[in-house]
Amino acid sequence: TSDGGTTWENFHVTDGLNSEEISALVGRDSLLWVGTSVSQLQQGQLVPTGTGFNKSTNIGTSWLSFKPEQANFVFKLAYDIAIADSFVWASCFAGGLIRLKNGDTTWQNVFVDMVARRDYDTNGFGFNLNNRFFSVVADTSKTDTTIIWTGTAAGIYKFVYAPPDSLDTLGT
């Protein structure tokens, strides 16, 4: 909407989105990131399945498609997206917490510890509940530090990214 909600513009697959189902959304200025998904019927149950992301730098006039493995499979879908500095972050349930740096094409997983990393690498998705991410929020209120808050099935995690001359820390 550009008129306070009186009228609305809709976006669809025909506009360039990966799917009609939107599982996550974030915007800043003319930049939009959308997480897409489909509901697949498997053994009589609807199962959420990720279909990746779409990005628009012109408020939806055109869309780019991203289909990283972490957000493009059964139970691997983005439930939340955040923008911080030169990164976009996404909580992708069984795909974990991932991020993409501006200009890059490869999404990277972010883990709370080495046990979580081994769990994800070994099983293809996390059996540990701290690998199941539902939400992500970026706090950029400090001029030299970015704080990423995440919600998982095992609780809340706080990632602190500070300048190179200080230690990055993780709090739970």
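Just so we're clear, the structure is a prediction, and the values are computed from it rather than from any experiment.

K.L.:
Looking at this structure, I do not really get unusual backbone geometry. What am I missing?
P.N.:
The bulk of non-glycine residues show a negative phi, and the bulk of peptide bonds are trans. A positive phi angle is found at Asp29, which is not glycine, with a value near 55 degrees. Looking at where Asp29 falls in the secondary structure, it is placed in the loop between β1 (21-28) and β2 (31-42).

K.L.:
It is not clear to me how the sheet that holds β2 should be interpreted in this structure. Could you clarify?
P.N.:
Consider a sheet: its strands pair through backbone hydrogen bonds, and that pairing is either parallel or antiparallel. Here we have four strands laid out as an open sheet, ordered β1-β2-β3-β4, and antiparallel in their pairing. Looking at the sheet topology across the chains shown, the edges are occupied by β1 and β4 (64-66). Between one strand axis and the next, the sheet turns by 25 degrees as a mean value, whatever way the strands run. Of the pairings in the sheet, the one linking strand β3 (residues 45-56) to β4 comprises three bridges and is antiparallel in character. Looking across to β4, one finds that Lys55 is bridged to Leu64.

K.L.:
Just to check I follow, could you spell out a negative patch on the surface for this structure?
P.N.:
On the surface, Glu9, Asp15, Glu20 and Glu21 cluster together to form a negatively charged patch. By the element assignment, Glu21 lies in strand β1. The exposure class of Glu21 is partly exposed, given its relative accessible area of 34%.

K.L.:
How should I be thinking about the packing of aromatic side chains in this particular structure?
P.N.:
For any pair of aromatic rings, the description rests on two quantities: the centre-to-centre distance and the angle between the ring planes. Counted according to the given criterion, the structure contains 13 aromatic pairs. Aromatic side chains Trp89 and Tyr161 sit 5.5 Å apart centroid to centroid with 45 degrees between the ring planes, which places their arrangement in the tilted category. Highlighted residues: Trp89 in strand β6 (residues 87-91) and Tyr161 in strand β11 (residues 155-161), separated in sequence by 72 residues. Pairing Phe93 with Phe134 gives two aromatic rings, centres 5.3 Å apart and planes at 45 degrees, and the pair type is tilted.

K.L.:
Would you mind going over the environment of Glu21 with me for this structure?
P.N.:
Sequence spacing of Glu21 and Leu32 is eleven residues, and the spatial spacing of their C-alpha atoms is 16 Å. A polar contact of 3.1 Å, which involves the side chain of Glu21, links it to the side chain of Ser39.

K.L.:
I would appreciate a short explanation of a nonpolar patch on the surface in the present structure.
P.N.:
Residues Val137, Trp149 and Ile156 make up a contiguous nonpolar surface patch of about 300 Å² in total accessible area. Along the chain, Val137 falls in strand β9 (residues 133-139).

K.L.:
Would you mind showing me how to read the side chain of Asn54 here?
P.N.:
On the secondary structure map, Asn54 appears in strand β3. For Asn54, a relative accessible area of 0% puts it in the buried group. In this structure the side chain of Asn54 is engaged in a polar contact, spanning 3.2 Å, whose partner is the backbone oxygen of Gly16. In this structure, Asn54 is in contact with Gly16, Leu17, Asn18, Leu32, Trp33, Val34, Thr36, Trp63, Leu64 and Ser65, ignoring residues within four places of it in sequence.

K.L.:
Can you help me understand the side chain of Asn18 in this one?
P.N.:
Within the secondary structure, Asn18 sits in the segment before β1. Not counting chain neighbours up to four residues away, the residues in contact with Asn18 comprise Val13, Thr36, Thr51, Gly52, Phe53, Asn54, Ser65, Phe66 and Lys67.

K.L.:
Teacher, can you tell me more about the pairing of β1 here?
P.N.:
Consecutive side chains of a regular strand alternate in pointing toward one face of the sheet and then the other. Both β1 and β2 contribute to a ladder of seven bridges, which runs antiparallel. Bridge assignment links Gly27 to a residue of β2, and that residue is Leu32. What sits between β1 and β2 in their antiparallel hairpin is a turn of two residues, with Asp29 showing a positive phi close to 55 degrees.

Scoring rules and cut-offs
- Counting restarts for each chain, with residues numbered from 1 along the sequence as it is written.
- Two thresholds apply to this predicted model, a pLDDT of at least 70 for residue-level local features and 80 or more for giving and counting side-chain atom pairs, whereas whole-chain, interface and lining totals are computed over all residues.
- Hydrogens are left out, water is left out, and the side-chain values use all remaining heavy atoms of the structure.
- The helix count covers DSSP runs of H or I at least four residues long, the strand count covers runs of E at least two residues long, and both are numbered beginning at the N terminus.
- Strand pairing is assigned whenever DSSP identifies at least 2 bridges connecting the two strands.
- Interaxial angles span 0 to 180 degrees and are taken between N-to-C directions of axes, which are lines fitted to C-alpha atoms, for helices over the stretch in contact.
- Grouping into patches uses exposed residues only, defined as over 30% relative accessible area, and leaves out salt-bridged ones; the cut-off is 9 Å for like charges and 5 Å for nonpolar side chains (Val, Leu, Ile, Met, Phe, Trp, Tyr).
- Working definition of accessibility: Shrake-Rupley area with a 1.4 Å probe, residue cover restricted to the visible protein chains.
- The term salt bridge refers to a side-chain nitrogen of Lys or Arg lying within 4 Å of a carboxyl oxygen of Asp or Glu.
- When charges are counted, Lys and Arg are positive and Asp and Glu negative, with His and the chain ends excluded.
- Throughout, a charge is located at the NZ atom of Lys, the CZ atom of Arg, the CG atom of Asp or the CD atom of Glu.
- The cut-offs for exposure are 20% and 50% of the maximum accessible area for each residue type, with area from a 1.4 Å probe on protein chains only; residues under the lower value are buried, those over the upper are exposed, and the others partly exposed.
- Each Phe, Tyr or Trp ring (for Trp, its six-membered ring) is paired with any other whose centre lies within 6.5 Å, and the angle between the two planes then decides the class: stacked below 30 degrees, edge-to-face above 60, tilted in between.
- Whenever a nitrogen or oxygen atom comes within 3.5 Å of another N or O atom, the pair is scored as a polar contact, on the condition that within protein one atom can donate a hydrogen and the other can accept it, and that pairs from neighbouring residues in sequence are kept only if both atoms are in side chains.
- The contact definition used throughout considers only heavy atoms, calling two residues in contact when any of these lie within 4.5 Å.

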